[in-house]
Amino acid sequence: MNDLPSLSIRRPILIVVINLLIIIAGMSAILGLEVRELPDVDRPIVTIRASFPGAAPETVDTEVTSRLEGAAARVSGVASIRAQSEEGFSRIVVEFRPGIDLEDAANETREAVSAIQRDLPSDVERLAIVKADNDAGTVVDLAISSSAVETEQLTEMIQTDIAPLFLSIPGVADVRINGDRERVLRVTVDPARLVSFGLSFSDVAAALRLAPFDVPAGSLRSTDQQVIVRADATSVTAEEVKNILIDGNTRVGDVASVYFGPADARSFVRLNGTPVISLGVIRQAGSNTIEISNEVMRMIDDLRKRFPDLNMTITADDARFIRSSVNEVLLSLSFTIGLVILTLWLFLGSFKATLIPAISIPVSIIGALACMWMLGFSINILTLLALVLATGLIVDDAIVVSENIQRRKGMGLGAKAAAVIGTREVFFAVVATTAVLVAVFLPIAFLPSTAGRLFREFGGVLAAAVIISSLVALTLVPALKAKIKSTSAHSGTLEKLGNVINQGYVGALGWCLRFGWLVLLLCVVAAGTAFQFYNQIEKELLPPEDRGVVRVFARGPDGVDISFMDRQARKMEDVLLPYMADGNIDTINTVVGQWDPNIVFLTINLNDWEVRNKSQQEIIDEVRPELAAIPGAPGRAFGSNSLNLRGQGGGMEFAITGENYADMFNVAQEFSALVEQEIPDVGRVRISYQPSQPQMRVHIDRRQAQELGVSFNDINATLRAAIGGNDLGDLYVGDQAIPIILQSTYKNNAAPSELTNLYVSARDGNLVPLSSLAYITEEGIAAELERHAQRRAIEVDVDLPDSVSMQQAVDTIRTLAQDALPDGYGLVFLGEAKTFRETDQQVNITYLVAFLIVLLVLAAQFESFNSAIVVMLTVPFGIAAALFAAFITGTSINIYSQIGLVMLIGLLAKNAILLVEFADQLRDKGASVSEAIIEAGKVRLRPIMMTLMSTLLGGLPLILSTGAGAEARNAIGWVVFGGLGIAVIFTLFLTPVLYYWLARFVKPRADQAKQLESELEHFNQ
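So, here's what we can say about the structure. Note that the structure is a prediction, hence the values are computed from the model and not measured.

### Brief notes about the pairing of strand E24 (residues 726-733)
Then comes step 1: Bridge count between E24 and strand E25 (residues 736-744): seven bridges; the pairing is antiparallel. Paired with Gly729 across the bridge in E25 is Ile740.
Then comes step 2: Taking the residues between adjacent antiparallel strands as the criterion, E24 and E25 are bridged by two residues, where Gly734 takes a positive phi near 65 degrees.

### Observations concerning helix H7 (residues 201-208)
Then comes step 1: Burial in H7 covers these residues: Phe201, Val204, Ala205, Ala207 and Leu208. Seen from one end, H7 has its buried residues packed into an arc of 165 degrees, which puts them on one side.

### Re the packing of aromatic side chains
Two numbers describe a pair of aromatic rings. These are the distance of the centres and the angle of the planes.
Then comes step 1: Under the definition given, this model contains four aromatic pairs.
Then comes step 2: Between the aromatic rings of Tyr661 and Tyr689, the centroid separation amounts to 5.6 Å while the plane-to-plane angle is 5 degrees, which identifies the pairing as stacked. Of the two residues, Tyr661 sits in helix H21 (residues 661-678) while Tyr689 sits in the loop between strand E22 (685-687) and strand E23 (693-700), which places them 28 residues apart along the sequence.
Then comes step 3: Residue Tyr689 is classed as buried on the basis of its relative accessible area of 11%.
Then comes step 4: Through pairs of rings, three or more aromatic residues link up here, namely Tyr661, Phe665 and Tyr689.
Then comes step 5: Of note, Arg183 hangs over the ring of Phe260, and the distance from its end group to the ring centre comes to 4.3 Å.

### As for the sheet that holds strand E14 (residues 274-275)
In any sheet, the strands associate via hydrogen bonds between backbone groups, in a parallel or an antiparallel arrangement.
Then comes step 1: Across the sheet, which stays open at both edges, the six strands sit in the order E14-E13-E18-E19-E17-E20 with antiparallel pairing between neighbours. At either margin of the open sheet sits one strand with a lone partner, and together these are E14 and strand E20 (635-638).
Then comes step 2: Where strand E18 (residues 585-592) meets strand E19 (residues 599-606), seven bridges bridge the pair, whose relative direction is antiparallel. Counterpart to Thr590 in the pairing with E19 is Leu602.
Then comes step 3: Set on the sheet, helix H19 (residues 562-581) makes contact with strand E13 (268-271), strand E17 (549-555), E18 and E19; between it and E18 the angle comes to about 175 degrees.
Then comes step 4: Strands in contact with helix H20 (residues 616-628) are E17, E19 and E20; relative to E20, the strand with the most contacts, it is inclined by about 175 degrees.

### Quick word on the side chain of Asn288
Then comes step 1: Here Asn288 lies in the loop between strand E15 (277-283) and helix H10 (289-306).
Then comes step 2: A polar contact is formed between the side chain of Asn288 and the backbone nitrogen of Ile290, at a distance of 2.9 Å.
Then comes step 3: For Asn288, the side chain forms a polar contact with the main-chain nitrogen of Glu291, separated by 3.2 Å.
Then comes step 4: Contacts of Asn288, omitting those with residues within four sequence positions, involve Glu34, Val35 and Arg36.

### Comments concerning unusual backbone geometry
Then comes step 1: Positive phi, close to 50 degrees, is recorded for Arg126, a residue that is not glycine.
Then comes step 2: Relative to the helices and strands, Arg126 is located in strand E4 (residues 125-130).
Then comes step 3: For Arg126, a relative accessible area of 60% corresponds to the exposed category.
Then comes step 4: At Asn272, a position not held by glycine, the phi torsion is positive, near 55 degrees.
Then comes step 5: Its location among the elements puts Asn272 in the loop between E13 and E14.

Each value, and the rule that gives it
- Residues numbered from 1 in each chain as written.
- Predicted model: local features only at pLDDT ≥ 70, side-chain atom pairs only at ≥ 80, totals over all residues.
- Heavy atoms only, no water.
- Pairing = 2+ DSSP bridges.
- Helix = DSSP H or I, 4+ residues; strand = E, 2+ residues; numbered from the N terminus.
- Buried < 20%, exposed > 50% of the residue type's maximum accessible area, 1.4 Å probe, protein only.
- Arc of directions from axis to C-beta.
- Phe/Tyr/Trp six-rings, centres within 6.5 Å; stacked < 30°, edge-to-face > 60°.
- Lys NZ or Arg CZ within 6 Å of the ring centre and 35° of its normal.
- Contact = heavy atoms within 4.5 Å.
- Axes fitted to C-alpha atoms, helices over the stretch in contact; angles between N-to-C directions.
- Polar contact = N/O pair within 3.5 Å; in protein donor to acceptor, adjacent residues only side chain to side chain.

Rendered as C-alpha cells:
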C-alpha cells in the first residue's frame, strides 16, 4: 500500500480507469436505489381484529381479547403486545423484533389464532389478521363524493370496485373506509302488534332467515342428459319479504314494516364541509411510501376515466412531504458542492489547482451510491444529509495531498518526484483520518434501537464516501498533479494575508507553549461552562417538524351519540376556516366516529411551504386555545413526526399495569394528580379508563326463566332486535349481498324501562313478559379496556407544552412511579416516550464506545498511546463547543443533533491528526518537541484551515435551509457548523500544548527503529 503513490505515477491510465469505473458503478446503482423518507426503521407489526356483536367491553376483554393475546404471545420473535377491548370489538397489536420477516410473523400468528379459535364464543365473527397497526396513520387519504349517485350505491362501488384495487398495491396492508353506509333491508317490528298476534321476535327471526332460501338439491341423471335441481324460494323485494309467513296466516308485513335503506351511520366524513366517503391506505411495515403513493396516483387517474360521475380528491399524501424534503436536501447538496469548490478556488487561486481536488467530489459521491446499493441502503433524508456533510470531508484528503505535493514542488523537486514524495509524507495522515471517521460509526452499526438503525445508513454512506475520497486522494490526485502543470496563483493580497495569519499563529503558538497551564485553564473553564449549559438544552426524540399537516383530536364524554360529536366537529371547523381563507390551509378533512362514536379526528393539510405565511407550529399555537375551549369535546391540535410515534392525541403516553381495573383507576387518578403537581407546566392529563359509559344491565333470574320455559337464546334475540338491531344474514339481490336487519320500533325512541315490557316465547308457545323474569339497573362502565404485556392496563396521555422537554417528562414520571406506585402496579412508557428512553440510553453508550474505538485505532496507527491520547483529549472540548453552539442557537438534543455529535468526534480527531502526525515525522528527523510542534503548526495551518472552511461551508446550506424537513437539516448543521467553528481554537492551540507536555515522555518512533536495526546488525555480526 505504501507504494500506491508511485504506482499512480507509473500507471496513470490505470488509475483514471479505476475512478471512471467507480463513477459508472455509482450511476448504474441509481436505478436500483429506492427513495424513502428515512431508513427502514419499521418494526414488523401484525394486528388481530375480532367482532363480538353486542358484547360489553369487560366481556370482550375476558372472553376474546385475553385469549387472542395469549395465542399471539406464543409466536416467536414477539417484542411487545398491546390490546384494546370495546363494545363488540377486540383488537390486539403484536409488535415483533427488528429483522423478523413480516410474512412469516403474520403466518405464525394466523396459526396460533386458529389453534384457539374454538375456545372463542360462537358469536365471535370477522376474525382477521392484518399486517399493520390497526391504529396506524394512513399514508394516502382519498375523499370520494358524487352528486349523481346515492350514498348506498357509492358505498357499494367503493367496497367492490375501488378498495380492492388499492389493496392489490404491493406494500399496502389495509384500506380504511369511513363515512360509508351500505344498503340494508330493515324489518322494523312493532312489539304491540307482535304480541297481539301471539308471536315473539324469535318467530320473526326464524321466518326471515329463510328469506334467502336457495338450496342445491342435486341433479337428475338419465342415459343422455343431466339436469341440475335447485330449490328456490328466495324473496328479493321488500314486498316479497312482507309476504313471508311467520305462523299460520300471519305475514311479516302484518307485524313489521319492511324497506330497503342505508345502514346506521358509524362515522361522518366531510371535506371542507361537504359530506364525502373517505378511503385511507395503510402501508405495511417496511414498505415504501413513495412507491405506494405513485401507484395510488396512477390508479386514481384510471378510476376517474372509469367513473366520471365520481369526484376524487387526495386529502393527504405523506409522500408530498418526503418528495419536498428530498428535493430540499438535493438543493442543499448542490449549494454545498458549489461553496466547497469556491473555497478551494479562493485558497488555491487558480482553476487548474482547484480542479484536481475538486475531482474527488463527484467520484466519491457517485461511488458512495454504488456502496449504498451493495449494502441495501436507500436514498433518504439521512443518506442525502450524509452526502452533504461528506462533501466538505471528501476534499479534505485531496487538499492535504495536493498542498503537500505543491510544497515539495516549491522546494525544487520535479513534478513526478514531488507527487510521489509529497503523497508518501501524508499517506499515513490520510489513512489515519479515514480510519478514524470509519471507526466513529462502527459501534453505531450494532445498535438495535431506532437510533441505531437510523445512524447505520448515515454512518455507512459517510464512511463509504470518505474511504473512496482517500483512495482518490492517494491515487488520482498525485497522478493528475504529475501530469497537470498547476501552480498556486494566489493574488498578492490573499497571499500576504495568508502569510500574516501564519506568522501571527506561529507567534501565538509560541506564547501558548510558554504559558500552557493558562491555555489549559481557559479551555477547561470554557468547556465547563458549555457543559453547564447541557442541562438547559432541551432533549427530545425528534425536533418539531413542519410536515404541512396539522391534526386535531377530540374525545367527547362516553355514551354521547355520533350526532353530538358531529355538532362539536363543526365548531372545530369554524375555528379553522379563517386560515383557509387567508391561504394557509388547503383542505380540512373531518372524520367523526373513526374509532369510537365519541371521537373526532381532523386532518388539516396546509398549503405548500413557499405559499403560506405561517408555519405549522404557529398555526397550532394559535388554534390550540380555541379548540381546547369547545365545551363537551375539547380539541387538541398537534403535528406528527418522521417516525409517527406521537400518541393518538399528540401527547406523551404511558400505561399503568395491574390486575383489577377499578383499583388501577384509583391508582391512575392519584398518580396523574401527582404528575400535574410535580410538572405544573404540563397540559391536561387524560386517563383512558373512564367508567362513565352508561350501561343498562338486564338481570335475568335463571330459576324463574327455567320454570317459565324461556330459553336464553330467545331472550338474547329479543333484546338484540329491540335495542341494536339483529343482523340475521344476507339477502342476495343480483350480485349484491344485502344484510337483513331485524329491529324494533323501540330502537330509537323507547325509554329504558320499557324494555321489560317486551315478550319472549316459552316452550309451551305462550308469551311471557320480560319483567316476570328480569329487572334492569343502570351503571357506569369504561367504554374501552386496554392491556399491555398481557396485563390489564390503563393508558395515560399527557399534553406536553413546548416548555417541557420529553426527557424532563420521562425522567420525572419514571422517578414518581418508583416512589409512588403501590406494589403490584407497573409503569410502561408508550410511543415516542418509549423510543426516546431506549434511544437516549443507547446513544450515551455509543459516545463512549466511539471514543474508545477511535482512541484504540489511533494508538494502533501511531504505534503510540501518547499521540492517540493527545488527539483524543481535544474531543471533549470540541463536544463542549458543539453544546455551546446548540445552546446559543436554541437547537435541542435530538436524534439528528446526536448524529452530528457522533460525527464531530471523528472530525475533531481528523484535524488534530494532521498536526500530531506531522510533528511525529519531524521528531523522527531529529527535531525537538517544541520545534516539531511549532513547525507542524506552521506547515499544517493552511490545509487545516482549508479543510475546516470546506467542512463549515459544506454545513452552511443545512443551517440556512427552509421548507420541508428543514428542522432535521438545521439540527445537524448547527452542531457541525457551530461545533467545528468553535472547536478549531482547541485544535490549533490546545492540541500543541498537550503534545508539548506529553510527547517529551516518549521517544521518537525512529529511535526505536534504529535501536532494532542496531540490535539486528549486532546479532548478524
